[in-house]
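Here's the letter readout for the chains.
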Amino acid sequence: MVKINVIEGIIAEHAAKDFVKVGDELSVDVDLAIAHDVTGPLAIEQFKKIGVKKVYDGDKVVFVSDHNIPCSSVNSRVQHKTLENFSDDYNVKYFGRSEGVIHQLIMEENLYKKRDIIVGADSHTCTAGAFGAVAIGVGSTEMAAVMALGKIDIEVPPVKVINIEGKLNDNVYGKDIILHIIGKFGTNGFTDTGVIITGESIFNLSQDDKMTISNMMIEMGAMIGYIDQGDEIGEVLETVNIKAQDIFPCVACPPSPGNVKPVSEVEGTVINQAVLGSCTNGRYSDMLEAAQVIKGKKVAKGVNFIVVPSSKRVAQKMDESGITKIFRDAGAIVTNPGCGPCFGAHQGLLNKDDVAVSSTNRNFPGRMGHKEAKIYLASPRIVAESAVLGKLSSPGKVK
Amino acid sequence: MEKIIGKGFFLGDDIDTDQILPGYAMSYPPEDLRKVALKGSKISDFPDKVEDGDIIFAQDNFGCGSSREQAPLALKSTGLGAIVAKSFARIFRKNAVNIGLPVIISKDVDVILKESREGDNFRIDINEGSVKNLRTEKIYQAEKLSDTTYETLKAGGLINKVRKILINRGEINE
């Protein structure tokens, strides 16, 4: 008898079945459905076309304004009002006061639960995989369907395991691990697949680092990104082993998160923007890491260093511990919590000859402004050291 | 929907959603989306060139990146008839189908691009799973759509399908 794996087990539970197999098309119960200010309004428009009077469960639908907060245009103001009015009329939760990036905030609200099925109208919904949830990123229309039915139709995906063996090198963070994996398998290496990341070094990581890893599993096309919770994984289609000692501090070079090189190979590339923040790396531990680098130093001349806390709680902790002051004294711009410039609408867009190093998750052409601007994705440590030196730098170069 | 006829536009690998629809345009009202379709790609003047029924041919991983449904919506609102690619990113593929824009997988894209000129007219037969270059009269293979995808497209998108479910349950009126 084939034993179903942990992802199949969670799917089976939500379809009221004992056994499922790859390719089964199932309608599964959704424990939480989330959207933000640029996907939520379109979901609401579609939901209203369905014609139901209420959402399936007001406690299980959450909207967060995080992309354009405060509003970056008149149009974005309309989007915020749409969410606000809908939450009043339909009794769903709405966070519209810069409480944080959706995935960070939902985590802080303790809504990412182990063995839940979570649907999010945001591709980085896979962040919830760090908590043992099966989290599926969708578009606005699918979100609308879930809001009405409380279910989503999915196929049971093939599941593959990535096992990181052995001890990590110094100065290797969660970001380096996931960039290494994306670089190795490519941006469509796991399309339509459920991916479980495991290994001794993964178990030893902080929850923040685990979130960074699960957050970027969409960048290799995964349908579901899941971090091993220590339970039995069960039978999977394939297990790939990666030696931890092969992972070095690295960057994803433009124009793709899959274009990964050890930072040592591109060291010295002159930058004029550094961005620290996002659902990938905007947590307190990321801020602390960067602050330790920059304390008592200055941001290099000609560099904009933009620091975006991923939530209000993170920002408050930074204020209390003095980190905000360290950044500001160094010449960084500390913004309100939110997505910041990550997706190219506001708070630090690049012109065509600009080069940025960023702790965010995507560096496609035009992601952060002009389509010829270059973006290098890196860990907060590399971002902070590069901001001080004005060029891409390996960890440890700032003394 | 079964037959789509139009001229071809050619694109490469990894046409991500930022190239299809820039991030700032996610706040645009739906009627303004067509103006910025493919603005970040090498065909940045796509909205001026495209006509009803036209077809995009692309290589692997079309639509990778963000979940923004404004990306397929922008393409659809230009009148685009279909996208044929070697492979699609999952969320984009689902979004396109959910709003009624056919996305067709063909492993023959390399050959199609090699044997065709940009601007050639093509005919896609969804039931047959074929793509024909109307100039050269060559016929290429495409994958047939799954039953679920076909049903959703035929219903005109997911919303109509959900409505049918709820009408059958007696929860909403026709």
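Quick caveat, the model's predicted, so the values are computed rather than measured.

**Overview of the sheet that holds strand β11 (residues 238–243) of chain A**
All names here are of chain A. Read from one edge of the open sheet, 4 strands run β10-β9-β8-β11, paired in parallel fashion. In the strand order of this sheet, the two ends are held by β10 (224–227) and β11, each with one partner. In this sheet, neighbouring strand axes are inclined to one another by 20° on average, regardless of whether the strands run parallel or antiparallel. Summarising the sheet, strand β8 (residues 159–165) and strand β9 (residues 194–198) pair through 5 bridges and their orientation is parallel. Looking at β9, one finds that Ile162 is bridged to Ile197.

**Observations concerning the sheet that holds strand β6 (residues 134–137) of chain A**
Residues and elements named next belong to chain A. If you walk across this open sheet you meet the 5 strands as β4-β3-β2-β5-β6, and the pairing is parallel. One side of each edge strand has no neighbouring strand; the edge strands of this open sheet are β4 (93–95) and β6. Ignoring strand direction, the axes of neighbouring strands in this sheet form an average angle of 20°. The sheet contact formed by strand β2 (residues 32–36) and strand β3 (residues 61–64) spans 4 bridges and is parallel. By the bridge assignment for β3, Ile34 is matched with Val62. Relative to β4, helix α3 (residues 74–90) is tilted by about 150°, and along the sheet it contacts β3 and β4.

**Structural notes on unusual backbone geometry**
Residues and elements named next belong to chain A. In this model, Ile69 is joined to Pro70 through a cis peptide bond whose omega is -10°. With respect to the secondary-structure elements, Pro70 resides in the loop between β3 and α3. Between Pro254 and Pro255 the backbone carries a cis peptide bond, its omega angle lying at 5°. One non-glycine residue with positive phi stands out, namely Ala16, at about 55°. One can find Ala16 in the loop between α1 (6–14) and β1 (25–29). Residue classification places Ala16 among the exposed residues on the basis of 10 C-beta atoms within 10 Å.

**Looking at the domain arrangement of chain A**
Residue and element names in this part refer to chain A. For chain A, the assigned domains are domain 1 (6–155), domain 2 (159–251) and domain 3 (260–389). The partner domain 2 presents 20 residues to the 16 residues of domain 1 that form the contact. If you tally residues by element for the side of domain 1 that touches domain 2, the top one is β6, at 4 residues. Looking at side-chain class alone, the side of domain 1 that touches domain 2 contains 7 nonpolar, 7 polar and 2 charged residues.

**Considerations on the environment of Thr198(A)**
All names here are of chain A. Residue position: Thr198 is located in strand β9. Thr198 sits in the partly exposed class, given 19 other C-beta atoms within 10 Å. Sequence separation between Thr198 and Ile227 is 29 residues; the distance between their C-alpha atoms is 6.4 Å. Here Thr198 is in contact with Val161, Asn163, Asp228 and Ile233, once residues within four sequence places are set aside.

**A word on the interface of chain B and chain A**
Contacts between the two partners involve 38 residues from chain B and, on the opposite side, 43 residues from chain A. If you list the elements that add at least two residues to the side of chain B that touches chain A, you get α1 (17–20), α4 (90–98) and α7 (158–168) of chain B. Class assignment for the residues of the side of chain B that touches chain A results in 14 nonpolar, 14 polar and 10 charged.

**Concerning the environment of Lys42(B)**
All names here are of chain B. Along the chain, the position of Lys42 falls in the loop between α1 and α2 (46–49). Accessibility expressed as a C-beta count within 10 Å gives 13 for Lys42, which makes it partly exposed. Measuring from C-alpha to C-alpha, the distance between Lys42 and Leu153 comes to 29 Å, with 111 residues separating the pair along the chain.

**Quick word on the packing of helix α5 (residues 140–149) of chain A against α7(B)**
Close contact between α5(A) and α7(B) brings their axes to 9 Å; oriented N to C, the two are set at 15°. The orientation of α5(A) with respect to α7(B), classified from their angle, is roughly parallel. In terms of crossing hand, the pair formed by α5(A) and α7(B) is right-handed. Packed against α5(A), whose contacting residues are Thr141(A), Glu142(A), Ala144(A), Ala145(A), Ala148(A) and Leu149(A), the element α7(B) presents Leu158(B), Ile159(B), Val162(B) and Leu166(B) at the interface.

Thresholds applied
- Throughout this document, residue positions are counted from 1 along each chain, in the order its sequence is written.
- Lettering of chains starts at A and numbering of ligands starts at 1, both following the order in which they are written.
- With pLDDT at 70 or above as the cut-off, local features in this predicted model cover only qualifying residues; side-chain atom pairs require 80 or more to be listed or tallied, and sums for whole chains, interfaces and linings still use all residues.
- Should DSSP find at least two bridges between two strands, the strands are taken to pair.
- Labels follow the DSSP assignment, with helices taken as runs of H or I lasting at least four residues and strands as runs of E lasting at least two, numbered in each case from the N terminus.
- The convention used is that axes are lines fitted to C-alpha atoms, helices contributing only their stretch in contact, and that angles between N-to-C directions extend from 0 to 180 degrees.
- Throughout, a pair of residues is in contact if the C-beta atoms placed from their backbones lie within 7 Å.
- As a rule, residues whose C-beta atom has 12 or fewer other C-beta atoms within 10 Å are exposed, those with 20 or more are buried, and those in between are partly exposed; C-beta atoms are placed from the backbone.
- Those domain boundaries reflect an automatic or database domain assignment.
- Ten residue types, Ala, Val, Leu, Ile, Met, Phe, Trp, Tyr, Cys and Pro, are classed as nonpolar, four, Asp, Glu, Lys and Arg, as charged, and the remainder, Gly among them, as polar.
- Each angle is binned into one of four classes, with values under 35 degrees roughly parallel, values over 145 roughly antiparallel, values of 65 to 115 roughly perpendicular, and all other values oblique.
- For any helix crossing, the convention is left-handed if the near helix is rotated counterclockwise from the far helix by under a right angle, and right-handed if that rotation is clockwise.

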